[in-house]
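Per-entry structural report
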Amino acid sequence: MAIVNNCPLPDELFYDVDSNVWARREADGTVTVGMTSYACSLAGELVAYLPKKVGTLIERGKSLASVESGKWVGPIKAPVSGEIIGINEAVAARPSLINADPYGQGWAVKMQPADWDGEAGRLVTGSAVAAAFETKMAADGFVGR
Amino acid sequence: MDAAQPTADAGKTVVIVMTSGPSTPQRCATPFFIGMLLASMDAEVSLFFTMEGVLLTRRGVADRLVAAPGGKSIMRFIREAKEAGVKLYLCRPAMPGYEILDDEVIDEIDEVSSGGVLAEMILSCDKVLFF
C-alpha cells in the first residue's frame, strides 16, 4: 500500500493518474473502477452520483459517471475502453460512500473492457504508484489531507 | 433508491447564455457549475457572457464576488468551468456599453464574438440555458 500525502493508494490496483481513477481487474475479466482517495480529498464529501446507463459503450478517458460535492462537480473517467455492466446502487443511495471506502464498497462502475491487454499498459501499478502520485500532487500543489 | 440516470449524452451541445452579473452575485455561480456538470457528462458546452454578464470578464471583478457568504469566488467557478472544458465567449457588442476594454478582459475568455455567433450557436445547438 502506497501512502502519499496521507492518501492511501493500494499498489495492486491500476491507476490512470491524470484522471485520478483506479481500476481492478477481476477474476472474470471485468474491471471495477473508482475514484482514488486523492480524488476524494479534492472533491470533498460527495452528495450526488450520476452514472451512465448499463450497456453504454465508453471510450478510454470519457466519462463513466458524474459526481458532485458541495464545492465541485466532475467526471469519473474510464481508465480503459469498454461497456458499462454495473453501477453501484449503494453509492447511489449514499454518494459519500465513495469518500468513506473509495477502494471497497465505494466503487463507481463495473466495465467489460474492450481491450484490457492493449490499454492497461497506459496505467500505473505496483512500485510505480507512489512516485507517479507524488509527481501529480506536487504539480497540483496538494500538500496533504 | 434507483440510481439517477444522466440526462445528457456524449456529443450533445449546450449553450449557456450568461446575462447575470455583479448586481446579482447569487446568480453567478450556478451557471458555471451546471456547465461543469454537463461537461463531465461529455456534453460540448459553450458559455456566452452578454448583458451584465460581461462585467464578470473584467479582470478583478469576479475575484471579489461570491454567490453566497463564505463561498468560493466567482472567478474560481469560471476557472474550474474552463478547466472542465467549457468554452467561454464574450459578447463584443456589449463591451462598450459596460466600458470594458480588450486589455481588461480575463485570460480565460476563449473568444470575443459577435451577436451573430451567439445566434448561430443557439440555432445549431441541442440545448440552450439562460441565466
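Residues numbered from 1 in each chain as written. Chains lettered and ligands numbered in written order. Predicted model: local features only at pLDDT ≥ 70, side-chain atom pairs only at ≥ 80, totals over all residues.

**Here we look at the overall build of chain B**
Rules: Helix numbers and strand numbers start at the N terminus; a helix is a DSSP run of H or I with at least 4 residues, a strand a run of E with at least 2. Here the radius of gyration uses the C-alpha set of atoms, whereas the globule reference equals 2.2 Å times the residue count to the power 0.38. Contact between two residues is assigned when their C-beta atoms, built from the backbone, lie within 7 Å.
Counting its regular elements, chain B contains 3 helices and 5 strands. Each helix and strand of chain B, ordered N terminal to C terminal, gives the series β-α-β-α-β-β-α-β. What you see for chain B is a C-alpha radius of gyration of 15 Å, in line with the 14 Å of a compact globule of 131 residues. Dimensions of chain B along its principal axes, counting C-alpha atoms only, are 50 × 40 × 20 Å. Counting contacts in chain B only where the partners sit at least 6 residues apart, residues at least 24 apart contribute 74% of the total.

**Observations concerning the nonpolar core**
Convention followed: Any nonpolar core is a set of buried residues, restricted to Ala, Val, Leu, Ile, Met, Phe, Trp, Tyr and Cys, that join up through C-beta atoms within 7 Å. Exposed residues have 12 or fewer other C-beta atoms within 10 Å of their own C-beta, buried residues have 20 or more, and residues in between are partly exposed; the C-beta atoms are placed from the backbone.
Within the largest apolar cluster, 41 residues are counted, with the highest numbers of intra-cluster contacts made by Val-33, Leu-64, Ile-76, Ala-108 and Val-109 of chain A. For this core, the element with the highest residue contribution is helix H1 (residues 37-43) of chain A, accounting for 4 residues. When sequence neighbours within four positions are dropped, the list of residues in contact with Val-109 of chain A reads Val-33, Pro-51, Leu-64, Ala-65, Ile-76, Ile-84, Gly-86 and Ile-87 of chain A. Core analysis: the second largest hydrophobic core is formed by 36 residues, Val-73 of chain A together with Met-41, Leu-55 and Phe-77 of chain B among them.

**Some remarks on the sheet that holds strand S1 (residues 13-18) of chain B**
Residues and elements named next belong to chain B. For clarity, the cut-off: Strand pairing requires that DSSP identify at least two bridges connecting the strands. Interaxial angle, 0 to 180 degrees, is taken between N-to-C directions of lines fitted to C-alpha atoms, where a helix line uses only the stretch in contact.
Taken in spatial order, the 5 strands of this open sheet run S4-S3-S2-S1-S5, and their pairing is parallel. Each edge of the sheet is formed by a strand with only one pairing partner; in this case those strands are strand S4 (111-113) and strand S5 (127-130). Pairs of neighbouring strands in the sheet enclose a mean axial angle of 25°, with direction left out of account. Note that S1 and S5 share 4 bridges and pair parallel. Bridge pairing in S5 links Ile-16 to Leu-129.

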